[in-house]
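# Observations on the model geometry
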Amino acid sequence: MTDWSAGRETWPLPARWVEALGEGTLYLVESIGRFGRFLGQAVALVFIPPLKFRRLAGRVYFVGFKSLTIVILTGAFTGMALGLQVFLTLQRVGSEAFVGPAVGIALVRELGPVLTAVFVTGLAGSALTAELGIMRITEQIDAFMVMALNPMRYLVVPAILAGIITFPMLTAIFDVAGIYGGYLVAVMLLGTSPGTYFGQMQAFADMTDVMVGFWKSLCFGGLVPWVCTYKGFHCGHGAEGVSRATTEAVVLSCVLILIFNYFLGSVLP
Amino acid sequence: MIRIQGLRKFFGRQPVLRGVDLDVATGEIMIVIGRSGGGKSVLLKHMLGLLRPDAGAVVVDGTDITKLRGAALEAVRRRYGVVFQGGALFDSMSVFDNVAFPLREKTALGAGDIAQRVEEKLAQVGLVDMGHKNPAEISGGMRKRVAIARALVTEPEIVFFDEPTTGLDPILVNTIHHLIQDLHRTFRFTAVMVSHEIPEIFEIADRVAMLHEGVIIETGDARGIQNSTNPIVQQFIHGAVEGAHHVA
Ligand SMILES: Nc1ncnc2c1ncn2[C@@H]1O[C@H](COP(=O)(O)OP(=O)(O)OP(=O)(O)O)[C@@H](O)[C@H]1O
Ligand SMILES: [Mg+2]
């Protein structure tokens with residue numbers, strides 16, 4: 001990196017402001033460039049063998065196992081809340097029969113992929129950043145490099161692939177738990193007939209809805225580990241650097257999930 | 001041979017290296033001494049290609065590694081063994097797996113051969129029956145020794161030691177020094193070692209270089225350094241608080 005600050009103190013004050021602005025912009029552009037290049041390198045390594053299957057399996061277990069209970073729990077309660085609110089709203093216009101498809105479509109298209117991604121970010125993504133950040137500050141990542149091994153192959157590629165594998169599965173589990181949560185409220189508590197709940201769902205929700213949810217979860221599955229490993233890899237000094245990287249990873253992942261969700265929602269059928 | 005020429009490095013506005021010149025001949029043990037925080041680890045990281053200098057070159061057998069990246073840099077590093085100051089053991093792996101890791105990843109050896117070599121190296125650093133432990137479960141001195149075993153298990157041509165014996169008891173310091181000496185006799189590797197162990201280093205060093213305020217102020221064999229007329233060197237090797245260099 002170039003040292004832009006050399007000799008700055010001799011500049012007149014207004015010039016220093018302009019310089020600071022320019023420096024900030026350069027820094028931003030440079031970070032975005034690095035962020036993109038990081039993904040490019042990771043993707044290239046997926047296709048250049050060897051792929052570290054054991055590490056991949058470990059990551060799948062790590063993400064999947066860590067998140068499973070929470071995903072089921074939050075999925076069920078999301079479906080229940082949704083079932084209740086949708087039922088009460090539809091009841092006002094006398095169409096509570098549509099509670100099934102309303103809950104189903106909202107879950108499968110929007111809430112399932114987004115909320116699963118957000119929860120998994122909080123659970124596994126933060127842990128991933130912290131783990132890599134600690135490896136960075138304790139020079140374990142440097143140790144890979146001086147062994148003439150590419151640390152990205154061992155640390156980043158398995159995490160990204162694991163995200164792509166687990167996110168759609170966890171999202172599907174979230175959706176199912178949510179649909180049954182909605183069922184619990186709409187059918188068992190509020191008295192919609194089970195046939196109506198599921199029958200109407202089949203009639204209105206189709207494969208495109210499922211596919212939209214699937215593509216979204218696939219994207220988030222790549223996005224979250226990408227952000228989290230990047231932040232861990234480029235964390236600052238000491239415990240503070242790791243904690244800051246972890247916070248940034250979670251915040252940036254969540255923001256990007258919501259932004260991507262909107263754009264994917266408008267692009268996909 | 002490693003030739004460092006005019007190496008400069010700033011961190012922000014802090015100059016750490018201000019033009020380091022140093023030659024390390026093939027097969028010799030070069031020991032770098034200097035005050036804590038003086039930039040010895042930074043110098044080592046430039047030789048490893050982990051840091052890029054602001055100016056200057058690190059020439060390893062004719063190639064300037066500061067210009068290399070990717071596969072070309074890996075080719076140079078394949079000849080390296082490194083003991084980091086903090087050990088840098090992989091904390092997700094057992095001691096055995098740490099030492100076995102470079103063999104598994106970089107050689108075609110079978111599991112039996114690897115196990116034999118790893119056990120042998122662990123025994124040489126005095127760690128028998130410790131293989132199953134996690135790095136977090138062993139003492140700081142043991143971690144250092146595992147790091148040494150991991151660096152040497154691939155029989156590298158060039159070995160970098162960043163304070164391999166700091167924090168070890170006096171007996172272990174000598175054990176490690178003798179181990180390095182023995183292995184050096186067998187494998188004739190080139191060694192660059194940062195160390196504070198004065199006077200023990202004078203027994204194993206072929207040459208000693210002193211880094212002070214970002215430059216190498218003196219190089220010479222053990223004798224030469226001990227008899228140096230430079231007051232800063234004299235003050236350093238005798239650990240005097242009062243002297244030519246004002247202690248901050
Ligand atoms: N990555 C970095 N970013 C900013 N400053 C750094 C970095 N690495 C080292 N420094 C600074 O460079 C100086 C030299 O550090 P270095 O670790 O090389 O010292 P050292 O000679 O190895 O000391 P010790 O004997 O205590 O290990 C220190 O002032 C340190 O703050
Ligand atoms: Mg150091």
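Residues numbered from 1 in each chain as written. Chains lettered and ligands numbered in written order. Predicted model: local features only at pLDDT ≥ 70, side-chain atom pairs only at ≥ 80, totals over all residues. Heavy atoms only, no water.

### Looking at the overall build of chain A
- Along the backbone of chain A there are 9 helices and 0 strands.
- Taken from N to C terminus, the helices and strands of chain A fall in the order α-α-α-α-α-α-α-α-α.
- In terms of overall dimensions, chain A has a C-alpha envelope of 75 × 50 × 35 Å along the principal axes.
- A separation threshold of at least 6 residues defines the contact pool for chain A, and within that pool the share at least 24 residues apart is 81%. (Helix = DSSP H or I, 4+ residues; strand = E, 2+ residues; numbered from the N terminus. Contact = heavy atoms within 4.5 Å.)

### Points about the site of ligand 1
- As a structural note, the neighbourhood of ligand 1 is formed by 15 residues, with Ser36(B), Gly37(B), Lys40(B), Ser41(B) and Gln85(B) the closest of them.
- Ligand 1 sits at the junction of chains A and B, each of which supplies nearby residues.
- In the environment of ligand 1, an oxygen atom lies 3.2 Å from a nitrogen or oxygen atom belonging to the backbone of Gly38(B).
- When residues of the shell around ligand 1 are traced back to their parent elements, those giving at least two are β2 (14–24) and α1 (40–47) of chain B.
- The dominant element in the shell around ligand 1, judged by the number of residues it contributes, is α1(B), at 3 residues.
- Classifying every residue of the shell around ligand 1 by side-chain character gives 3 nonpolar, 9 polar and 3 charged. (Near = heavy atom within 4 Å. Polar contact = N/O pair within 3.5 Å; in protein donor to acceptor, adjacent residues only side chain to side chain. Nonpolar A, V, L, I, M, F, W, Y, C, P; charged D, E, K, R; others polar.)

### Focus on the interface of chain A and chain B
- The interface of chain A with chain B comprises 20 residues on the first partner and 23 residues on the second.
- Both sides together, the interface formed by chain A and chain B hides about 1800 Å², and carbon and sulfur atoms give 58% of it.
- Of all residues in chain A, Glu139(A), Val146(A) and Met147(A) bury the most surface against chain B, accounting for 34% of the area lost on that side.
- Our count for the contact surface shared by chain A and chain B stands at 2 salt bridges.
- Taking the shortest distance from any N to any O, the salt bridge between Glu139(A) and Lys45(B) comes out at 2.7 Å.
- The tally of links from chain A across to chain B stands at 6 residue pairs in polar contact (both at pLDDT 80 or more).
- The element best represented in the side of chain A that touches chain B is helix α4 (residues 140–146) of chain A, accounting for 6 residues. (Buried area = accessible area lost by both parts, 1.4 Å probe. Salt bridge = Lys/Arg side-chain N within 4 Å of Asp/Glu carboxyl O.)

### Some points on the domain arrangement of chain A
Residues and elements named next belong to chain A.
- Domain annotation for chain A reports domain 1 (13–48) and domain 2 (52–267).
- Just the C-alpha atoms count here: the centres of domain 1 and domain 2 sit 28 Å apart.
- With 11 residues of domain 1 at the interface, the matching set in domain 2 holds 13 residues.
- Buried area between domain 1 and domain 2, summed over both chains or domains, comes out near 1200 Å², and the portion from carbon and sulfur atoms is 81%. (Domains from an automatic or database assignment.)

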